[in-house]
Amino acid sequence: MGIYRDLRKDFDEWFDWVIREAEIYDYGRYPIKGMGVWLPYGFKIRKYVIDLMRDLLDSTGHEEILLPILIPENILAKESEHVRGFEDQVYWVTHGGLTPLDVKLALRPTSETPLSYLESFWIKSYKQLPKKYYQVVSIFRYETAATRAMIRVREVTTFKEAHTLHATFEDSERQVLEAVDVYSKFFTELGIPFLVSKRPEWDKFPGAVYTIAFDTLMPDGRTLQIGTVHNLGRSFTIAFNVWVHMPDGSMEYGWQTSYGISERVVATVISVHGDSVGLRLPFNYAPIQVVIVPIPAAPSELKKDVEELCGKIAEKLRSAGIRVTIDDREDMTPGDKFYYWERRGVPLRIEVGPREVQAKVVTLVRRDNRERITVSLDELCETVRKVGEEYDKAIKSEAAEAFSKHVVRTSDLEEAANLVSAGYIVEVPWCGRVSCANEIELRVGGKALGTPLKVDESSVQGLKCAHCGREAKVFMRYSKRY
């Protein structure tokens, strides 16, 4: 397969190609639809991304736990709205060996029910609250739609789900805002541009009071949900009798929130920063931050000097905590090596040849713009970190600019339909009536993402609903969606 020049046009093929060629994720060969395999290089990207999330959660008082993967049917069915939302997606275990089970066991589709069941034993007093748990696990959902590597799978292998319990509704609302802040920092650090929307009532998480979603725009013009935050109210605490002894001596049901991300985050890092050659990984989250490529020496007696300098550079960088490798393969030309590592998204390349040996310098090359920088050995580590920061700033800025250009407001539904078809997110004035939202959805040919989390009433003042002409209350966002 050749190099793709237009990611918007060729994105599906480009994505399959890059996760295969960069040895990130093997999809389609394991003989169960919707299940992929993380390869070593991809697993390291995943690790660094999840470590960032762990740091953010740990620093805000969350505690990591690990729940069983199996959920008894009677526990999953306790919250009726919740189970209705998942009943057509659950994988069931019905036998232990050859023996039929007395109670069917579900492979975890999410963990609100088992954790609420356990919290009815663990939590007794407001003095124990708030409690903020999280885990990073596999979940299983039988997606009836077409599956897609890392984006729409039946085993979600990187499901970070957080669950919190509070004594009051007000504290659960505070927690929702904290979760939004954590996710905003997370996606910003990775350079993933996003919109935060309150999902419409008909598209909220089963059992939630409301759902807040983070959406980004993939190169093909479709939005991808990359994170969600739910205020669960008391749906699960009532179902599971999670009582809290309050300061005045009364007993009240607790209030809960939950929020999650998945491997879609890694898919998005790959997609929003990638180019026609392959990956462009953020410096701090690249498995290899610097690759050293020896340039063949002539006369041959300089070859040993080149090799020694490469080793010295690698040792110097490793001692500074920089992830580095030397590509000393003799069956590839330097040009082939350049392309090999560019395809894998290594942010910086160091070239070492006879010129560098004689001048006691190295040549540093950026992955994003191919800028070449000559630097002395004494300044190498400091320069690598500085250039790495500049590279990160550049790819993040590029992604943010491309995203912002594709978020547009209009009251003209014909224009909105054309924009959605061309891969834009369109914000349309809306009166708040469900019937109008549905009619607009039909006319623009996209799905409703929801309304902006932070509503600026002045921005919609004087505008009319794009469908019925009544006074608009807010903007509703529409786009093509995964």
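Here is what the cut-offs are and how they apply
Residues numbered from 1 in each chain as written. Predicted model: local features only at pLDDT ≥ 70, side-chain atom pairs only at ≥ 80, totals over all residues. Heavy atoms only, no water. Helix = DSSP H or I, 4+ residues; strand = E, 2+ residues; numbered from the N terminus. Rg over C-alpha atoms; globule rule 2.2 N^0.38 Å. Buried < 20%, exposed > 50% of the residue type's maximum accessible area, 1.4 Å probe, protein only. 1 Å grid on protein atoms, 1.4 Å probe; cavity = no way out; pocket = protein on both sides within 12 Å on 5 of 7 lines; lining within 4 Å. Points joined across faces, edges and corners; volume = space filled by probe spheres on them. Nonpolar A, V, L, I, M, F, W, Y, C, P; charged D, E, K, R; others polar. Phe/Tyr/Trp six-rings, centres within 6.5 Å; stacked < 30°, edge-to-face > 60°. Disulfide = S-S within 2.5 Å. Patch = residues over 30% accessible without salt bridge, like charges linked within 9 Å, V, L, I, M, F, W, Y side chains within 5 Å. Areas by Shrake-Rupley, 256 points an atom, 1.4 Å probe, with all protein chains shown as cover. Salt bridge = Lys/Arg side-chain N within 4 Å of Asp/Glu carboxyl O. Lys, Arg positive; Asp, Glu negative; His and termini not counted. Charge placed at Lys NZ, Arg CZ, Asp CG, Glu CD. Pairing = 2+ DSSP bridges. Axes fitted to C-alpha atoms, helices over the stretch in contact; angles between N-to-C directions. Contact = heavy atoms within 4.5 Å. Core = buried A, V, L, I, M, F, W, Y, C linked by side-chain atoms within 4.5 Å.

J.: Give me the lowdown on the overall build of the protein chain, citing residues and values where you can.
T.: Along its length, the protein chain carries 15 helices and 25 strands. Taken against the 2.2 N^0.38 rule, which gives 23 Å for 482 residues, the C-alpha radius of gyration of the protein chain at 26 Å falls within 12% of a compact globule. If you line up the protein chain on its principal axes, its C-alpha atoms span 85 × 60 × 50 Å. Across the 482 residues that make up the protein chain, the buried fraction comes to 56%.

J.: Explain the layout of surface pockets to me, using residue names and the numbers behind them.
T.: In this structure, the largest pocket encloses a volume near 1,100 Å³. Arg-141, Glu-143, Gln-225, Thr-228 and Arg-264 are, among the 45 residues lining the largest pocket, the residues nearest its centre. Going through the elements one at a time, helix 4 (80–86), strand 8 (155–166), strand 10 (210–217), strand 11 (222–233) and strand 14 (255–261) are the ones with two or more residues in the lining of the largest pocket. With seven residues, strand 11 is the largest single contributor of residues to the lining of the largest pocket. Looking at the lining of the largest pocket, its residues break down into 18 nonpolar, 14 polar and 13 charged.

J.: Account for the packing of aromatic side chains, naming residues and giving values.
T.: Each aromatic ring pair is characterised by the separation of its centres together with the angle its planes make. If you walk through the whole model with that rule in mind, you get 17 aromatic pairs. Taken together, a centroid distance of 5.7 Å and an interplanar angle of 40 degrees make the contact between Phe-11 and Phe-15 tilted. Of the two residues, Phe-11 and Phe-15 are both situated in helix 1 (residues 7–21); the distance of four residues between them amounts to about one turn of the helix. Classification of Phe-11 by relative accessible area gives buried; the value is 1%. Overall, Phe-15 belongs to the buried group, its relative accessible area being 0%. Here Tyr-117 and Phe-121 contribute two aromatic rings whose centre-to-centre distance is 5.2 Å and whose plane-to-plane angle is 80 degrees, an arrangement assigned as edge-to-face.

J.: Describe in detail the state of the cysteines, supporting the description with residues and values.
T.: If you walk through the whole model with that rule in mind, you get zero disulfides. Cys-431 forms no disulfide, and the closest cysteine sulfur to it belongs to Cys-436, at a distance of 3.7 Å. The thiol of Cys-465 is unpaired, and the distance to the nearest cysteine sulfur, on Cys-468, comes to 3.8 Å.

J.: Can you tell me about a negative patch on the surface, naming the residues and giving the values?
T.: Where like charges cluster on the molecular surface, the negative patch consists of Asp-305, Glu-307, Glu-308 and Asp-328. On the secondary structure map, Asp-305 appears in helix 9 (residues 303–319). In this structure Asp-305 comes out as partly exposed when scored by relative accessible area, which is 33%.

J.: Before we move on, can you summarise helix 8 (residues 264–273) with the specific residues and values?
T.: In terms of residue burial, helix 8 counts as a mostly covered element, since 10 of its 10 residues are buried. Arg-264, Val-265, Val-266, Ala-267, Thr-268, Val-269, Ile-270, Ser-271, Val-272 and His-273 are the residues of helix 8 that are buried.

J.: Lay out unusual backbone geometry with the relevant residues and their values.
T.: A cis amide bond, omega 0 degrees, links Leu-129 with the succeeding residue Pro-130. The phi angle at Lys-360 is positive, at roughly 55 degrees, despite the residue not being glycine. In this fold, Lys-360 is placed in the loop between helix 11 (354–359) and strand 20 (361–366). When its relative accessible area of 60% is taken as the criterion, Lys-360 is described as exposed. Located in the positive-phi region is Arg-370, a residue other than glycine, with phi close to 65 degrees. Checked against the element boundaries, Arg-370 lands in the loop between strand 20 and strand 21 (372–376).

J.: Any chance you could break down the pattern of salt bridges for me, citing the residues and the numbers?
T.: Within this structure, the stated rule accounts for 37 salt bridges. A salt bridge links Asp-12 to Arg-222, with the nearest nitrogen and oxygen atoms 3.7 Å apart. Of this pair, Asp-12 sits in helix 1 while Arg-222 sits in strand 11, and the two are 210 residues apart along the sequence. Looking at Asp-12, the relative accessible area reads 35%, which means it is partly exposed. A salt bridge links Lys-131 to Glu-63; the shortest N-O distance between them is 3.5 Å. You can see Lys-131 sitting in strand 7 (residues 131–140) and its partner Glu-63 sitting in strand 3 (residues 63–64), a full 68 residues away along the chain. Salt bridges sharing common partners tie together Asp-12, Asp-16, Arg-148, Asp-220 and Arg-222.

J.: Break down the sheet that holds strand 6 (residues 99–107) for me, with residues and values.
T.: Strand order across the open sheet formed by three strands is 4-6-5, with antiparallel pairing between neighbours. Two strands bound the open sheet, and with one partner strand each, they are strand 4 (70–72) and strand 5 (92–96). With strand direction ignored, the average angle separating the axes of adjacent strands in the sheet is 45 degrees. Two elements, strand 4 and strand 6, share three bridges in a ladder whose sense is antiparallel. The residue bridging Pro-72 from the neighbouring strand is Leu-105, located in strand 6.

J.: Lay out the sheet that holds strand 16 (residues 290–294) in plain terms, naming residues and giving numbers.
T.: An order of 17-16-19-20-21 is seen for the five strands of this open sheet, with the pairing classed as mixed. Each end of this open sheet is capped by a strand with a single partner; those strands are strand 17 (324–326) and strand 21. Between one strand axis and the next, the sheet turns by 25 degrees as a mean value, whatever way the strands run. Across three bridges, the pairing between strand 16 and strand 17 is parallel. Looking at strand 17, one finds that Ile-292 is bridged to Ile-326. The strands touched by helix 10 (residues 334–343) are strand 16, strand 17 and strand 19 (348–352); relative to strand 16, the strand with the most contacts, the crossing angle is about 170 degrees.

J.: Lay out a nonpolar patch on the surface with the relevant residues and their values.
T.: On the surface, Tyr-30, Ile-32 and Val-37 cluster together to form a nonpolar patch covering roughly 260 Å² of accessible area. Inspection of the secondary structure assignment puts Ile-32 in the loop between strand 1 (25–27) and strand 2 (36–38). On the basis of relative accessibility, which here comes to 38%, the residue Ile-32 falls in the partly exposed class.

J.: Please provide a residue-by-residue account of the nonpolar core, values included.
T.: Membership of the largest hydrophobic core comes to 66 residues, with the highest contact counts inside it found for Phe-15, Ile-24, Phe-186 and Ile-270. The contacts of Phe-186, once residues within four sequence positions are left out, are Val-49, Leu-52, Met-53, Leu-56, Ile-261 and Val-265. With 26 residues, the next largest nonpolar core counts Leu-317, Val-357, Ile-373 and Tyr-391 among its residues.

None of this, on its own, says anything about what the molecule does.
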